[in-house]
Amino acid sequence: MSSERDRADLPPLALHVPEPRFRPGDEADFSDIVVPPAGVTRRPDTADAASSFHELAYGLVRVLDDEGNAVGPWDPRLDADAKRRMLRSMALTRAFDERMFRAQRQGKTSFYMKSTGEEAVSIGAAMALAGDDMCFPSYRQQGILITRGYPIVQMMNQIYSNRADPLEGRQLPIMYSSKEFGFFSISGNLATQYPQAVGWAMASAAKGDTRISATWCGEGSTAEGDFHSALTFATVYKAPVIFNVVNNQWAISSFSGFAGAEATTFAARAIGYGIAGLRVDGNDALAVYAATEWAAERARTNQGPTLIEHFTYRAEGHSTSDDPTAYRSAGEPNAWPLGDPIRRLKEHLIAIGEWDEARHAAQDLELAELVKASQKEAEKNGILGHGMHQPFESMFEGVFETIPWHLKEQQQQMLDEQKAAGL
């Protein structure tokens, strides 16, 4: 056995503590990020073995080049109408975010989370999936509901927790849920949706259905145990599920290095599980669409799950409770090398003669007015803090199919105390 004396000449052990490259006051410089030219990444056949394209977990699937052209084997070749719908959904999501952010600042709701700069991640995917595929989102995928046509007035009702809130005030603002639109209930607990998505996909396969599931989490959530449990089950049973990791560089105030970004890519986690892994330009809506379409075909043809890392950037704060200037350089959003997803798709449509600046400005105005009118409609049902919008007794409902006796007693006790207090 070796002794301490035998190790006397060895240097002392040391821990590595990840450190973000830029702090407040620093000049942001992303020149070290390798951005391959659009169109150079190969596109394997969807029936190819996951072990035959490991390099895709380290590269970057890109379709839109710097001149706004769609190039290469991943070009989904969508028609102009589909691209305009994609652009409109992204622009509507951003307009919705801006209006609801201001509503929170005005005290009309307690909380909001914007998806600025990440709209392509949810909207590109939503357009590539079938309308009845089940989505298990995190809390920055409001674009899925908007793309699928869920009424934004209903989204606002939920944010305000008012009398028309479809969730009856039982969820935090922005934690939407809609079975009819294939949108599973959002949870504030990180990565819980991953094993849920796998379980749903396994059930779909066990029943001989043709529907698949897709789930999203931030890169920080890949450090959660639920993430790895989900991948293990999906690997073993070849579950028809798409795992989306939104690598927007920041998990609240912790940069991606604390989840392992300094060691390798997040898409590389797929290799250890023996499943397909793709790393995609998350600010390229056409690339996101193409990667999701490819992964969906693999899932539907029993080729198993796919993990897609969307390489993007969180342009604003984590939420309305966050001040990003306290922990990162103010210049980072503008220095991010992959640009803005809305601007890039707009410039592509202009380049192919299917759009122009005047039409884009008119659309922005139209969408701003639509969101404004929807807000007025939602606020007729009340806003947070303006009285009790749901009956007191309803807080005991929705957990059990039949309320058990002890909760009925508590419910009645509460109603009696409410009456005695003159409320």
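Just so it is clear, the model here is predicted, and its values are computed rather than measured. Within each chain, residues carry numbers counting from 1 in the order of the written sequence. Whole-chain, interface and lining totals are the exception, using all residues; otherwise, since this is a predicted model, local features are given only for residues with pLDDT of at least 70 and side-chain atom pairs are given and counted only at 80 or more. Side-chain metrics rest on all non-hydrogen atoms present in the structure, leaving aside hydrogens and water.

A. Structural context of the packing of helix H2 (residues 119-128) against helix H8 (residues 285-300). What counts as an axis is a line fitted to C-alpha atoms, over the stretch in contact for a helix, and the angles between N-to-C directions run from 0 to 180 degrees. In this text, helices come from DSSP runs of H or I with a minimum length of four residues, and strands from runs of E with a minimum of two, each type numbered from the N-terminal end. Contact pair H2 / H8: the axes reach a minimum separation of 8 Å and the direction vectors enclose 45°. Classified by the interaxial angle, the pair formed by H2 and H8 is oblique. Pair H2 / H8 crosses with right-handed handedness. Each of Ala120, Val121, Gly124, Ala125, Met127 and Ala128 in H2 lies in contact with H8, whose residues at this interface are Ala285, Val288, Tyr289, Thr292 and Glu293. Classification convention: Asp, Glu, Lys, Arg as charged; Ala, Val, Leu, Ile, Met, Phe, Trp, Tyr, Cys, Pro as nonpolar; all other residues, Gly among them, as polar. Its residues assigned to classes, the contact of H2 with H8 shows 8 nonpolar, 2 polar and 1 charged. For classification purposes, an angle smaller than 35 degrees is called roughly parallel, one larger than 145 roughly antiparallel, one from 65 to 115 roughly perpendicular, and anything else oblique. Left-handed is the label given to a crossing in which the near helix is rotated counterclockwise from the far helix by less than a right angle, and right-handed is the label when the rotation is clockwise. Here a residue-residue contact requires only that any non-hydrogen atoms of the pair lie within 4.5 Å.

B. Expanded view of helix H11 (residues 357-379). Multiplying one less than the number of residues by 1.5 Å gives the expected span of a helix. With 23 residues, H11 extends 33 Å from end C-alpha to end C-alpha; this agrees with the ideal 33 Å at 1.5 Å per step. Looking only at H11, the buried set comprises His360, Gln363, Leu367, Val371, Ser374, Gln375 and Ala378. The elements touched by buried residues of H11 are helix H1 (80-105), helix H4 (152-160) and helix H10 (341-351). Looking at where H11 begins, the residue whose side-chain oxygen comes 3.1 Å from the main-chain nitrogen of Ala358 is Asp356. Three exposure classes are used, based on accessible area relative to the maximum for each residue type with a 1.4 Å probe and protein chains only: buried under 20%, partly exposed in between, and exposed over 50%. Nitrogen and oxygen atoms within 3.5 Å of one another constitute a polar contact, given that in protein one can donate a hydrogen and the other can accept it, and given that sequence-neighbouring residues count only through two side-chain atoms.

C. Region of interest: the pattern of salt bridges. Every case where a carboxyl oxygen of Asp or Glu lies within 4 Å of a side-chain nitrogen of Lys or Arg is listed as a salt bridge. Taken as a whole and assessed by the stated rule, the structure comprises 25 salt bridges. Across the pair Glu168 and Arg170 runs a salt bridge, and its minimum N-O distance is 3.1 Å. Look at Glu168 and you get partly exposed, because its relative accessible area is 34%. Assessed through its relative accessible area of 40%, Arg170 is described here as partly exposed. A salt bridge links Lys380 to Glu377; the nearest nitrogen and oxygen atoms lie 3.3 Å apart. Accessibility expressed as a relative area gives 59% for Lys380, which makes it exposed. Through salt bridges that share partners, Arg62, Asp281, Asp284 and Arg344 make up one connected network.

D. Structural view of H8. Between the first and last C-alpha of H8 there are 22 Å, a value that for 16 residues agrees with the 22 Å anticipated at 1.5 Å per step. Its side-chain oxygen 3.1 Å from the backbone nitrogen of Leu286, Asp284 forms the N-cap of H8. Note on H8: the residue one or two positions beyond its end, Asn302, has a positive phi of about 60°.

Interpretation in functional terms is not warranted from these geometric data alone.
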